[in-house]
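Breakdown of the fold
The residues making up each chain are set out below.
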Amino acid sequence: MEKTGAEILVQSLQEEGVEVLFGFPGGVVLNIYDVLFDSEIRHVLTRHEQGAAHAADGYARATGRVGVCMSTSGPGATNLVTGIATAYMDSIPIVALTGQVTTALIGGDAFQEADIVGITRPITKHSYLVKDVADLDRIVHEAFHIARTGRPGPVLVDLPKDVTSARTVHHKPQPVELRGYRPNLKGNPKQVKLAAEAIRKATRPVIYAGGGVILSGASEELIRLAELIQIPVTLTLLGLGGFPGTHELFLGMLGMHGTYAANLAVSDSDLILAIGARFDDRVTGKIEEFASNATVVHIDIDPSAISKNVQVDIPIVGDVKLVLKELLKELSGGSGQWVKVRERWLKQVRAWAEEHPLSYTPSKKKIKPQFVVEKVFELTKGEAIITTEVGQNQMWAAHYYKFNRPRSFLSSGGLGTMGYGLPAAIGAQMGCPDRRVIDIAGDGSIQMNIQELCTAVQYRLPVKVVILNNQFLGMVRQWQEIFYHQRYSQSCLATAPNFQKVAEAFGAKGYTLTHPDQVEPALKEALASDETCVLDFHVDREENVYPMVPPGHSIRDMLLGRGKKEVEKKVSIADRDKITG
Amino acid sequence: MRHTISVLVENKFGVLARIAGLFSGRGYNIESLSVAPTLDPTVSRMTIVTSGDDRVLEQINKQLNKLIDVIKVWDVTQKEFVDRELVLVRVEVSKDKRDELFRVAERFEARIADVGERSVTLEATGDEARIEDLIRLLKPLGIREFVRSGRVAILKSEQK
Ligand SMILES: Cc1ncc(C[n+]2csc(CCOP(=O)(O)OP(=O)(O)O)c2C)c(N)n1
């Protein structure tokens with residue numbers, strides 16, 4: 001029997017196991033919305049397409065499944081762009097469906113026409129413009145296959161309106177066969193042997209793991225490897241949760257806002273075992289001085305990630321989980337001796353951790369932002385899904401919430417997208433109805449997608465928004481304090497809405513909290529509630545995130561606090577020009 | 001160093017844009033590029049001349065391979081290969097330089113593609129050096145216009 005393109009699309013989505021779709025309608029997708037009206041797929045109506053893209057991303061990060069978002073052509077599609085770029089930078093599998101003007105009108109500057117395939121080409125793993133309804137089901141299955149396999153990423157499918165109304169026969173899904181796309185999953189056994197040998201020989205090894213561990217579901221293997229060989233582990237922002245935050249071998253995050261112990265351990269190591277990480281500049285600092293005495297082993301599914309920024313000695317291209325399994329086989333046997341072998345190195349590393357642990361000055365009068373995050377951690381026992389916005393809030397969440405499970409920390413790392421946290425929390429909550437989902441936000445970022453409170457309320461999502469309100473674009477202010485003589489140009493947000501009232505206006509529960517004593521009771525109440533809650537914590541305004549590595553410096557050079565300058569060298573003008581952020 | 005890269009791609013619309021975008025987006029330069037279908041009409045071959053150090057070339061190779069529509073990539077510079085370019089040159093014909101013009105044409109096995117009232121159009125193929133030589137010799141005779149193709153290259157024998 002023949003079906004319309006819209007029917008074929010929805011059926012193909014179901015064949016891919018899609019249960020929920022985040023979107024916003026418009027003219028050229030009405031055929032699809034008409035089919036969705038009777039479909040079992042749940043459609044979540046966000047209030048802005050950017051929200052839909054981030055929600056699909058949050059859903060994907062929290063569940064490991066492909067997230068799906070949809071928009072109309074033109075402005076709907078361009079509104080998805082930031083969300084697609086966010087997913088691309090962090091290798092998150094989403095499929096973005098965009099409506100397009102009818103094929104006959106394409107190229108003629110038709111109403112609400114935008115070349116979205118062209119616009120998103122550099123920020124998608126792949127994209128399709130469907131020109132013939134006969135290709136539609138195959139393309140949908142290819143899109144999901146490409147999004148979720150190899151190094152995952154966003155795939156865009158552009159759907160002209162006439163394609164969704166044209167009729168054809170729908171075919172059962174066939175195995176996807178793409179001659180130009182065959183990700184290498186199994187690591188080369190020779191390389192694995194070489195890596196094992198290097199690990200055995202190392203005296204000061206460090207594991208540096210990233211988002212790849214989470215994407216490939218390799219946390220268990222990572223823990224076993226670290227414990228077997230007694231190697232301390234540091235994680236990137238995206239890796240958090242990939243190794244337990246409370247594990248005795250965990251050093252904390254590394255890089256620009258890495259811990260003292262992690263940054264020194266990496267700098268002093270003789271072997272870096274990089275796992276599913278990409279040597280991003282926020283991690284490496286001054287690249288020439290990054291782990292300059294170490295042999296570098298790099299396990300990654302993406303060959304282009306290898307030796308891109310740092311010359312790798314032993315590359316292993318493959319799926320992190322499979323490679324770690326092989327590596328474990330290679331290294332197991334004769335266990336027990338490692339505890340002794342590693343004694344000195346671990347003692348050194350722990351001494352660093354004790355010398356300068358993450359810390360802040362507690363206060364009885366002012367709410368410290370770090371204190372709020374600590375309380376959130378305590379009260380949720382590390383079991384919540386935390387999303388973040390971008391800036392200081394993001395770093396404090398990364399520092400003071402100890403993630404013991406993968407897929408629990410959802411944050412825009414690569415792109416650093418303010419406005420990510422709330423819609424991502426909505427996506428995560430849709431995918432994980434039984435978990436507490438909390439967006440740790442700044443007062444600046446939350447205003448970027450605050451309209452999504454309405455979405456949370458509509459779908460009765462018990463998402464909690466914890467605003468660390470410093471009345472500043474805090475991270476910008478911090479940079480201006482340190483590098484621009486405290487000239488707070490355009491970073492002061494003294495004019496702000498009353499977030500409690502905003503929450504209430506959207507139908508959520510709102511709180512305003514100004515005293516440290518209010519923190520715990522308010523959090524307890526909100527966490528126990530099934531309502532969408534916004535907690536506006538008025539925090540100490542000029543608190544900074546430490547440690548901080550000035551841009552262009554080795555990650556060894558950390559500012560550890562105001563007046564506690566580890567870096568003696570003044571940041572020069574030349575360094576200023578390297579500043580991006 | 002300059003490299004000639006041969007790329008087999010799916011013969012679909014948008015593939016050229018993807019590849020051009022990859023080069024421009026990542027700051028690699030394209031000196032020349034030529035595309036045409038292969039014996040298999042679903043596959044096209046691109047020959048790209050680019051330059052960069054070993055690291056850049058390694059990245060270009062990897063980034064190209066990462067594209068879904070790219071089937072295979074060779075850096076033919078590292079192998080035994082034959083390469084050719086085509087040039088079309090329209091040259092003034094004046095009485096006093098006429099003989100010289102035909103001598104040069106003959107020496108380079110250039111064919112006369114078109115004869116106009118006051119000019120002839122020559123067609124020649126060769127590797128880059130040969131084309132450069134031809135142009136150098138024709139210049140004093142009065143080149144009105146010349147159009148050069150990108151380079152195409154083929155491996156000398158079956159190689160992996
Ligand atoms: C969309 C977007 N615009 C600008 C920036 C640059 N930026 C990075 S952090 C930051 C400040 C964020 O302020 P706020 O949300 O209040 O968080 P805080 O740092 O105070 O915790 C800005 C503007 C960004 N990351 N994303």
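Residues numbered from 1 in each chain as written. Chains lettered and ligands numbered in written order. Predicted model: local features only at pLDDT ≥ 70, side-chain atom pairs only at ≥ 80, totals over all residues. Heavy atoms only, no water.

Here we take up the interface of chain B and chain A. Listed per partner, the contact involves 21 residues of chain B and 21 residues of chain A. In total, chain B and chain A occlude about 1,700 Å² of area from one another, counting both sides; carbon and sulfur atoms represent 47% of this. When residues of chain B are sorted by the area they lose upon contact with chain A, Arg18, Arg55 and Ile68 of chain B head the list and together hold 39% of the total. Our count for the chain B to chain A interface comes out at 3 salt bridges. The partner of Lys66 of chain B in a salt bridge is Asp302 of chain A, with the nearest N and O atoms 2.9 Å apart. (Contact = heavy atoms within 4.5 Å. Buried area = accessible area lost by both parts, 1.4 Å probe. Salt bridge = Lys/Arg side-chain N within 4 Å of Asp/Glu carboxyl O.)

All names here are of chain A. Across the interface, helix 3 (residues 49-63) lies against helix 4 (residues 75-89) with an axial gap of 7 Å and an inter-helix angle of 30 degrees. By the angle between their axes, helix 3 is roughly parallel relative to helix 4. The way helix 3 lies across helix 4 gives a crossing that is right-handed. The segment helix 3 lies against helix 4, with Glu49, Gln50, Ala53, His54, Asp57 and Arg61 engaging Gly76, Asn79, Leu80, Thr82, Gly83, Ile84, Thr86 and Ala87. Of the residues in the contact of helix 3 with helix 4, the class split is 4 nonpolar, 7 polar and 3 charged. (Axes fitted to C-alpha atoms, helices over the stretch in contact; angles between N-to-C directions. Helix = DSSP H or I, 4+ residues; strand = E, 2+ residues; numbered from the N terminus. Parallel < 35°, antiparallel > 145°, perpendicular 65-115°, else oblique. Left-handed = near helix turned anticlockwise from the far one by under 90°. Nonpolar A, V, L, I, M, F, W, Y, C, P; charged D, E, K, R; others polar.)

Residues and elements named next belong to chain B. This model, assessed by the stated rule, comprises 45 salt bridges over all chains. The salt bridge partner of Arg2 is Glu31, with a shortest N-O separation of 2.7 Å. In this pair, Arg2 sits in strand 1 (residues 2-10) while Glu31 sits in strand 2 (residues 30-37), placing the two residues 29 residues apart along the sequence. In this structure Arg2 comes out as partly exposed when scored by relative accessible area, which is 35%. Judged by its relative accessible area of 38%, Glu31 falls in the partly exposed class. With its nearest N and O atoms 3.3 Å apart, the salt bridge here joins Arg151 to Asp83. In this pair, Arg151 sits in the loop between strand 8 (143-148) and strand 9 (152-155) while Asp83 sits in strand 5 (residues 81-92), placing the two residues 68 residues apart along the sequence. We classify Arg151 as buried; its relative accessible area is 9%. Accessibility expressed as a relative area gives 13% for Asp83, which makes it buried. (Buried < 20%, exposed > 50% of the residue type's maximum accessible area, 1.4 Å probe, protein only.)

All names here are of chain A. Ranked by internal contacts, the top residues of the largest apolar core, which has 77 residues, are Ile207, Ile275, Leu327, Ile386, Val466, Leu535 and Phe537. Among the elements that take part in this core, helix 13 (residues 320-331) stands out by supplying 6 residues, more than any other. Shared between two domains, this core takes at least three residues from each, and those domains are domain 2 (189-355) and domain 3 (369-538). Excluding its chain neighbours within four sequence positions, the residues that come into contact with Leu327 are Val192, Ala195, Ala196, Ile199, Leu225 and Ile299. Ranked by size, the runner-up nonpolar core spans 50 residues in total, among them Val44, Ala425, Leu453 and Leu461. (Core = buried A, V, L, I, M, F, W, Y, C linked by side-chain atoms within 4.5 Å. Domains from an automatic or database assignment.)

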